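Fold and contact review
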Amino acid sequence: MSNVSVYERLSTLFKSIKPDAQGDLLLDALLYACSVGIELLKNNFADIENQQYIDTMSQEMIDKYCVLLDVDLNNDLEEKKSKIKKKLSMGYDEFSIDEFIDYYKGYGNGFFVHTQNFNMKLYGVKSSNASALRQIMKRLDYYFPPFVTVELSGAGLTFEEWDSMDMTFQSLESLKMPFSMIETMKL
């Protein structure tokens with residue numbers, strides 16, 4: 001359907017309702033603008049529909065699925081599609097946050113988790129214990145619920161404290177902590 005056919009349909013419909021509108025240039029301009037908008041919406045809906053199925057997805061959307069599902073971006077397009085289908089068909093286990101909380105409490109006294117309103121705060125772990133942080137991040141990555149902000153119990157480190165830490169930025173980066181955790185670290 002083109003803009004012209006949409007315009008013709010709108011014009012015919014409107015003029016059958018209001019026959020004295022013949023030759024109204026403002027009405028014609030309005031109907032043509034509406035027909036362009038309708039055509040734009042139709043095209044947008046067609047694009048959205050195409051993104052629903054792997055076989056008709058754009059390269060950009062396929063790459064987003066690759067990042068989401070940890071599929072190698074260097075594969076060719078058909079191989080990416082095949083691996084995405086395979087990963088999506090595997091299904092996923094459901095986990096309870098209680099499993100992570102029990103694991104976290106296993107680090108000792110003072111290690112506990114407080115969750116409220118999509119916010120999870122981890123108490124007990126400090127930046128000085130990088131190996132524990134690394135293990136906790138691996139486990140949290142496995143259990144991490146969507147849309148939840150994870151924080152540590154600190155108020156954040158000052159520049160002097162960051163400078164005095166025995167952890168380089170590369171080692172901190174290797175922990176793969178979200179920014180919400182990095183900015184709430186304590187020594």
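Here is what the cut-offs are and how they apply
- Residues numbered from 1 in each chain as written.
- Predicted model: local features only at pLDDT ≥ 70, side-chain atom pairs only at ≥ 80, totals over all residues.
- Heavy atoms only, no water.
- Phe/Tyr/Trp six-rings, centres within 6.5 Å; stacked < 30°, edge-to-face > 60°.
- Helix = DSSP H or I, 4+ residues; strand = E, 2+ residues; numbered from the N terminus.
- Buried < 20%, exposed > 50% of the residue type's maximum accessible area, 1.4 Å probe, protein only.
- Lys NZ or Arg CZ within 6 Å of the ring centre and 35° of its normal.
- pLDDT = per-residue confidence, 0-100.
- Axes fitted to C-alpha atoms, helices over the stretch in contact; angles between N-to-C directions.
- Parallel < 35°, antiparallel > 145°, perpendicular 65-115°, else oblique.
- Contact = heavy atoms within 4.5 Å.
- Nonpolar A, V, L, I, M, F, W, Y, C, P; charged D, E, K, R; others polar.
- Expected span 1.5 Å × (residues − 1).
- Arc of directions from axis to C-beta.
- Pairing = 2+ DSSP bridges.
- Salt bridge = Lys/Arg side-chain N within 4 Å of Asp/Glu carboxyl O.

**Overview of the packing of aromatic side chains**
Inspection of every chain in the model, using the stated rule, returns eight aromatic pairs. On the numbers, 6.0 Å between centres and 25° between planes, the contact of Phe100 with Tyr104 is stacked. Of this pair, Phe100 and Tyr104 both sit in helix α5 (residues 97–105), four residues apart, roughly one helical turn. Each member of the pair, Phe100 as well as Tyr104, carries the same accessibility label: buried. Aromatic pair Tyr104 and Phe111: ring centres 5.6 Å apart, planes at 70°, arrangement edge-to-face. Taken together, Phe100, Tyr103, Tyr104, Tyr107 and Phe111 form an aromatic cluster joined through their ring pairs. Above the face of the Tyr103 ring, Arg139 is positioned so that its terminal group lies 4.0 Å from the ring centre.

**Quick notes on the confidence of the model for the protein chain**
Per-residue pLDDT for the protein chain has a mean of 82; in total, 94% of the residues score no lower than 70. Ranking the elements of the protein chain by mean pLDDT puts helix α8 (residues 169–174) last, at 76, and helix α4 (residues 77–90) first, at 90.

**Here we look at the packing of α5 against helix α6 (residues 130–143)**
Where α5 meets α6, the closest approach of the two axes is 10 Å, and the angle between their N-to-C directions is 170°. Between α5 and α6, the angle falls in the class roughly antiparallel. Contacts between α5 and α6 involve Glu99, Phe100, Tyr103 and Tyr104 from the former and Gln135, Ile136, Arg139, Leu140 and Tyr143 from the latter. Within the contact of α5 with α6, the residues separate by chemical class into six nonpolar, one polar and two charged.

**Details of α4**
Look at α4: 20 Å from first C-alpha to last across 14 residues, which is about the 20 Å you get at 1.5 Å a residue. Within the span of α4, buried status applies to Lys80, Lys81 and Ile84. All buried residues of α4 fall inside an arc of 100° around its axis, so they share one side. Along α4, exposed side chains directed more than 90 degrees from the buried face belong to Glu78, Lys86, Ser89 and Met90.

**Considering the sheet that holds strand β3 (residues 149–152)**
The three strands lie next to each other as β1-β2-β3, forming an open sheet whose pairing is mixed. The two strands at the open ends of the sheet, each matched to only one other strand, are β1 (112–116) and β3. Neighbour-to-neighbour, the strand axes of this sheet turn through a mean angle of 20°, independent of strand direction. As defined by bridge partners, strand β2 (residues 119–123) adjoins β3 across four bridges and the pair is classed as parallel. By the bridge assignment for β3, Asn119 is matched with Thr149. Its contacts with the sheet put α5 on β1 and β2, and the angle it makes with β2 is roughly 15°.

**Quick look at the pattern of salt bridges**
Throughout the structure, instances matching the rule amount to six salt bridges. A salt bridge links Glu79 to Lys83, with the nearest nitrogen and oxygen atoms 3.5 Å apart. Of the two residues, Glu79 and Lys83 both sit in helix α4, four residues apart, roughly one turn of that helix. Classification of Glu79 by relative accessible area gives partly exposed; the value is 33%.

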